[in-house]
Amino acid sequence: MAKDASVHQEQLDRIAAGKGFIAALDQSGGSTPKALALYGVTEDAYSGDDEMFAEIHKMRTRIITSPSFGKERILGAILFEKTMDGEIDGKPTADFLWGNCGVVPFLKVDKGLADEANGVQMMKPMPELDALLARAGEKGIFGTKMRSVVKEANATGIKAVVAQQFEVGQQIVAAGLVPIIEPEVDINSATKAEAEDVLKAEIKAQLDALPEGTKVALKLTIPSKAGLYDDLADHSNVVRVVALSGGYTTDDACARLSQNAKMIASFSRALTERLSVSMTDAEYDAALGANIAKIYDASL
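It should be emphasised that the depicted structure is a prediction, and the values quoted were computed from it without experimental measurement.

S.K.: Explain the packing of helix 3 (residues 48–64) against helix 12 (residues 281–299) to me, please; I cannot follow it from the model alone.
M.R.: Working note: a packed helix pair is described by the angle between its axes plus the distance between those axes. The N-to-C vectors of helix 3 and helix 12 enclose an angle of 75 degrees; their axes lie 10 Å apart at closest approach. In terms of orientation, helix 3 and helix 12 fall into the roughly perpendicular class. Between helix 3, through Met 59, Arg 62 and Ile 63, and helix 12, the contact on the second element is made entirely by Asp 281, Tyr 284 and Leu 288. Grouping the amino acids of the contact of helix 3 with helix 12 by side-chain chemistry returns four nonpolar, no polar and two charged.

What follows is the structure, encoded as structure tokens:
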């Protein structure tokens, strides 16, 4: 069911000022087999997409229902659409997250990346976005996330990526949700630092052009120059700046993040590092708890 304004405000305050990080549990079609394989569920364990998504839902359910997973260290969780549509212990996933865990639910809404052009990958078109946003609102989702990728310091490409992100972002705001704008910079880019300078300027220009009172979050690659995005975090239209792990190991990502005082983590692969389907519950909770503690400490 759709939540009331007081719950939305409570969730907004928690994301804006809470201590902790946002768990990214939103691997989608293309990245699901890899995520499952790292977890110890090989492709011969399922047949077809439905069984594959059932396996990833089991994996996510185990994370969310672990004693280690709660509001003490986790502010929010980003869900894949099928996870939003699923249930945990008989409750819709978003209701379970907020009601049982005190964790704010987000939804990944992009449909993947277009082919590279001008050193970037834009988002594919999202013709059904309005319908998805309406459904998300009914299911108690607070915000959304959508990803583009910057591969090189190409000003034309970066400008286009950021413009697209903010155009779609305003569509999401109009639906009553808070968008996480995510123009990822590839950590292997030969021009990563230069690309980040261009990206920051484009984001700042778009933020300055937003109507007063509009609230967005930013999800950015941990910058090569520590503290680069501090002033974006202080912008009146920004709820929070969160960092993606981007392929760095958990230890490396946490070390880099800890040098950026105004960013918190929103890690996916780093959160589930070393977890295995074959672990006992005690082993699993200990391993997940260790990952969560490390990411939480780096986010303080």
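S.K.: I would appreciate a short explanation of the pairing of strand 7 (residues 143–150) in the present structure.
M.R.: With seven of eight residues buried, strand 7 is to be regarded as a mostly interior element. As defined by bridge partners, strand 5 (residues 104–108) adjoins strand 7 across three bridges and the pair is classed as parallel. By the bridge assignment for strand 7, Leu 107 is matched with Thr 144. Judged from the two bridges that link them, strand 6 (residues 120–121) and strand 7 form a sheet pairing that is antiparallel. For Val 120, the partnering residue across the bridge sits in strand 7 and is Val 150. Where strand 7 and strand 8 (residues 178–185) come together, eight bridges link them in parallel fashion. Across the sheet, the residue bridging to Thr 144 is Pro 179, located in strand 8.

S.K.: What is the right way to look at the environment of Ile 63 in this model?
M.R.: For Ile 63, the position within the fold is in helix 3. Residue classification places Ile 63 among the buried residues on the basis of a relative accessible area of 1%. Distance in space between the C-alpha atoms of Ile 63 and Leu 25 is 9.2 Å, their sequence separation being 38 residues. Sequence-distant contacts of Ile 63, that is, excluding residues within four places in its chain, are made with Leu 25, Phe 69, Thr 272, Leu 275, Tyr 284 and Leu 288.

S.K.: Whenever I open this one, the pattern of salt bridges confuses me. Can you help?
M.R.: A side chain of one charge can pair with a side chain of the opposite charge if their charged atoms are brought near each other. One pass over the full model with this rule turns up 21 salt bridges. Close ionic contact of Arg 135 with Glu 81 constitutes a salt bridge, the shortest N to O distance being 2.5 Å. Separated by 54 residues along the polypeptide, Arg 135 in helix 6 (residues 129–138) and Glu 81 in helix 4 (residues 81–85) bring together distant segments of the chain. A relative accessible area of 29% means that Arg 135 is categorised as partly exposed.

S.K.: Even after reading the chapter, I still don't get the packing of aromatic side chains, so can you show me in this structure?
M.R.: Working definition: an aromatic ring pair is given by the centre-to-centre distance plus the angle between the planes. Inspection of every chain in the model, using the stated rule, returns three aromatic pairs. With 6.5 Å between their ring centres and 80 degrees between their planes, Tyr 39 and Tyr 284 make a pair best called edge-to-face. Remark: Tyr 284 occurs in helix 12 and Tyr 39 occurs in the loop between helix 2 (32–38) and helix 3; sequence separation between them is 245 residues. Comparing Tyr 39 with Tyr 284, the two get one shared label, buried. Arranged with centres 5.5 Å apart and planes meeting at 85 degrees, the rings of Phe 106 and Phe 142 form a pair that is edge-to-face. With a gap of 36 residues between them, Phe 106 in strand 5 and Phe 142 in the loop between helix 6 and strand 7 connect regions that are remote in the sequence.

S.K.: Quick question: what am I supposed to make of the nonpolar core here?
M.R.: Generally speaking, nonpolar side chains in soluble globular proteins are found buried as a group. In this structure, Phe 21, Phe 69, Ile 203, Leu 207, Leu 218, Leu 220 and Phe 267 are the most contacted members of the largest nonpolar core, which totals 80 residues. Sort the elements by how many residues they give to this core and helix 12 lands first, with seven residues. Residues in contact with Phe 267, not counting those within four places in the same chain, are Ile 22, Ala 23, Ala 24, Ile 222, Ala 243, Leu 244, Ser 245, Ala 253, Cys 254, Leu 257 and Ile 295. Counting residues in hydrophobic clusters, the runner-up holds 15 residues, among them Ile 15, Ile 22, Val 104 and Phe 106.

Each value, and the rule that gives it
- Residues numbered from 1 in each chain as written.
- Predicted model: local features only at pLDDT ≥ 70, side-chain atom pairs only at ≥ 80, totals over all residues.
- Heavy atoms only, no water.
- Axes fitted to C-alpha atoms, helices over the stretch in contact; angles between N-to-C directions.
- Helix = DSSP H or I, 4+ residues; strand = E, 2+ residues; numbered from the N terminus.
- Parallel < 35°, antiparallel > 145°, perpendicular 65-115°, else oblique.
- Contact = heavy atoms within 4.5 Å.
- Nonpolar A, V, L, I, M, F, W, Y, C, P; charged D, E, K, R; others polar.
- Buried < 20%, exposed > 50% of the residue type's maximum accessible area, 1.4 Å probe, protein only.
- Pairing = 2+ DSSP bridges.
- Salt bridge = Lys/Arg side-chain N within 4 Å of Asp/Glu carboxyl O.
- Phe/Tyr/Trp six-rings, centres within 6.5 Å; stacked < 30°, edge-to-face > 60°.
- Core = buried A, V, L, I, M, F, W, Y, C linked by side-chain atoms within 4.5 Å.

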